[in-house]
Amino acid sequence: MYQIIDKEQYSEKVFKFRIHAPQMAKKAQAGQFLMVRVDETGERVPFTFADWNREEGWIEFIFMVIGKTTTLLSQLNVGDCIKDVTGPLGQPTEMGSGRWTVIGGGVGLAIAYPVARELCRRGAEVSVIMGARTKDLLILTDQFRELPLKGLYITTDDGSEGEKGVVTQPLDRLCADGAVDHVFAVGPVPMMKFSALTCEKHNVPITASLNPIMVDGTGMCGCCRVEVGGKTKFACVDGPDFDATQVDWNDLAARQATYRTQEAEAMEHLHEEEDCPCHRK
Amino acid sequence: MPQEVTAGAAAPKKYRPNIGAPRTPANEEPAAERARDFRPVDTGYTKADAVAEANRCLDCKKPLCMEGCPVGVHIPRFLEQIRDEDWAGALETVKGDNLLPSVCGRVCPQENQCEGKCVLGRKGEPVAIGQLERFVGDMAPEVGKAPACKPKNGKKVAVVGSGPSGIACAGELAREGFDVTVFEAFFTGGGVLTYGIPEFRLPKDIVKREIDGLEQLGVHFEYNAVVGQLYSPEDFFDEMGFDALYLAVGAGLPRFLNVPGENLPGVYTANEFLTRSNLMHAYEFPAYDTPIRHGKSVVVFGGGNVAMDAARTALRLGADKVTLAYRRTEAEMPARRAEIHHAKEEGVEFLELVAPIEFTAGEDGFVNAIRLQQCELGEPDDSGRRRPVPIEGAEIEIPCDVAITAIGTKANPFATTASGVEANKWGYIDTDEDGRTSDPRVWAGGDIVTGAATVILAMGAGKKAAASIKKTLLAEE
């Protein structure tokens, strides 16, 4: 069992958990992930490390309530335990110095934040582009603002905050100005795909952190396979970071949608359980 | 009077085999019923069945059955004990060589091992040694005694992986007085016995019983421990003070057909399909959270046990039609005969001599068909089996909404590179006969050394390594 020692709520649907896990804290690196199984009947869901402390023996991850697992997680509180937490998994994000632009879209902002923070710590010059459909879906804005960034750009599809439009608009300008040596992008597939196209146009290298569905997370099942440069790669062990210009995005998007019906069914099942008095805790 | 009793007991017991008796049939659930749920296919022999079957044994002077057993289980002796209804004795005999009789009795390819050598099999049906082994193993909760452990010898051994090889090694060492910790990447133990083999063929409470047995011997289990990521080899030796390490990480990386469309949603590796169903209980969705696609028309590609397991799981998830496509013919299929028989009985349709060309997608983006090249048997290849040769222009297309590839596995580099021991060019770990690697502190065994093989070979390797570890560590004293 893995105890929650701190819980922070960033917005209606976004939380950060701090988990007591001394050995994992010793080994975690930026860009790696962990897998959570909430309870005995839970599924295994990957989350990227948001932070860790080797001396104090904890790790943190940020999540947004979307499906059943994240709903159940959000209902846990300090002192409660998560049944299983496995990690660190995957390869760490390759970070260098120089001028970086970190792009986060939607829930991806939860992964973009620790990467941007780590780059700042390592002395890189970092700009951040935050994107979301609408103002309410922008998360961690205050946390990003606290970082020593070169620039912070916000775009929303409906213009309710920042620039109206998508992340590729500021990205295109930054690249055109020659102000970027490397881009890191994480978010919905279309966002990553078009960021890759923009970077390709300007000949700027771009890494994307992929988020396919996973089961074991150790290279055994192949559920998270993705085509990169014409070769089948496993996001769990070869990634999750890949050269974004080489990723077959359509393939990834199709695979991500595999269980859409069942995901809805699981939520319905959860609500039924919650509505039923015998299940109420 | 007392004298007479003594004389009677000393007289050699006359055993007359029941020559000509037919093989005692397995107690199988009706195919049409069992193919719709996950209950065990075969409920096993009753005591009466077991005695009747043991009475068929010719008690050969030179028991060939034992030669056929990879770990040399003393088959004639345990069969004799069954005849004497000495269940505890029979269990002890089997367990002396095979720590997992309930498992091996169910999953060993007996037709290539003990039963394949049985003299009775030359003209008729061999003794059902697998069924008898399973019967004896399943008696454990009733008659088994906790084996005595030697006093602690102060040496610590880490076992990586809790599959059959790790279980065997841990069990042997614990009995010898070693302090053993098993590190398992998943949240529960058993390795392939848990994630790979379905409930209807190997009930999970049997696996649990074996793990519980190890815990009773004092073996510690650390779950969610992905070795290499969470612990480095140096952590084991320097920080945690282990004296030896046994690597039994299996060979779990799936092979791909490498044909177009293989990454379409709805196309699974058998590893994923079975892990979802077995380990994550996806067949009980939504009571369990892990989903699985319930195909109406399913194609499985492969001819081994894993292919049979996947096909039969698909049936149980409600498929109307399951086709098992294989590039050679049924005679060349590596699956156990019993699995082939069960699969057919349950309604899996076999399609021989076909090679996949591509998977195609429907409008919804999911796989909707597999295109296959029809073949015929040509000249024998290096393995001595006749090679399938494409028949020009002969292609067929089978509609499907789920496709599963079950064409074998290879070493998972993630598990080996993490261990600190160098893998060979195929990704496996080289060892000597006792499981020693190039690092004098590290032993390895099971599929990560041999490539995908059987439960019993993996278990045998664990046992051998345990003996070698014992010899090495205790000699240091």
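Throughout what follows, the structure given in this document is the object of discussion. What you are looking at is a predicted structure, and each value in this text was computed from that prediction instead of being measured.

### A few points about helix 6 (residues 87–97) of chain B
Along helix 6 of chain B, the positions that sit buried rather than exposed are Trp87, Gly89, Ala90, Leu91, Thr93 and Val94 of chain B. In the core, the buried residues of helix 6 of chain B are packed alongside helix 3 (47–54), helix 5 (75–83), helix 7 (101–107), helix 9 (129–138) and helix 10 (140–143) of chain B.

### Overview of the environment of Ala264 of chain A
Residues and elements named next belong to chain A. Tracing the backbone shows Ala264 in helix 8 (residues 260–275). We classify Ala264 as partly exposed; its relative accessible area is 43%. For the pair Ala264 and Lys26, spaced 238 residues apart in sequence, the C-alpha separation works out to 37 Å.

### Re the interface of chain A and chain B
Each partner contributes residues to the interface: chain A has 45 residues there, and chain B has 41 residues. The largest per-residue losses of area from chain A upon contact with chain B belong to Met220, Arg225 and Tyr259 of chain A, which jointly make up 18% of the total buried on that side. Note that Lys26 of chain A is salt-bridged to Glu239 of chain B, the shortest N-O span being 3.6 Å. If you look at where chain A meets chain B, you find 20 residue pairs in polar contact (both at pLDDT 80 or more). Counting residues per element, the ones that place at least two in the side of chain A that touches chain B are helix 1 (22–27), helix 2 (68–74), strand 7 (84–89), strand 14 (225–228), strand 15 (231–234), helix 7 (249–256) and helix 8 of chain A. Top element by residues in the side of chain A that touches chain B is strand 7 of chain A. It accounts for six residues. Of the residues that constitute the side of chain A that touches chain B, the class distribution is 17 nonpolar, 14 polar and 14 charged.

### Remarks on the sheet that holds strand 7 of chain A
Residue and element names in this part refer to chain A. With antiparallel pairing, the seven strands of this open sheet are ordered in space as 6-1-2-5-4-3-7. The sheet is open, and its two edges are formed by strand 6 (81–82) and strand 7, each paired on a single side. The pairing of strand 4 (residues 44–53) with strand 5 (residues 58–64) spans four bridges and is antiparallel. Looking at the pairing, Phe49 lines up with Phe61 of strand 5. Packing of helix 3 (residues 109–121) onto the sheet brings it into contact with strand 4 and strand 5, and relative to strand 4 it is tilted by some 30°.

Rules of the game
- Residues numbered from 1 in each chain as written.
- Chains lettered and ligands numbered in written order.
- Predicted model: local features only at pLDDT ≥ 70, side-chain atom pairs only at ≥ 80, totals over all residues.
- Heavy atoms only, no water.
- Buried < 20%, exposed > 50% of the residue type's maximum accessible area, 1.4 Å probe, protein only.
- Helix = DSSP H or I, 4+ residues; strand = E, 2+ residues; numbered from the N terminus.
- Contact = heavy atoms within 4.5 Å.
- Buried area = accessible area lost by both parts, 1.4 Å probe.
- Salt bridge = Lys/Arg side-chain N within 4 Å of Asp/Glu carboxyl O.
- Polar contact = N/O pair within 3.5 Å; in protein donor to acceptor, adjacent residues only side chain to side chain.
- Nonpolar A, V, L, I, M, F, W, Y, C, P; charged D, E, K, R; others polar.
- Pairing = 2+ DSSP bridges.
- Axes fitted to C-alpha atoms, helices over the stretch in contact; angles between N-to-C directions.

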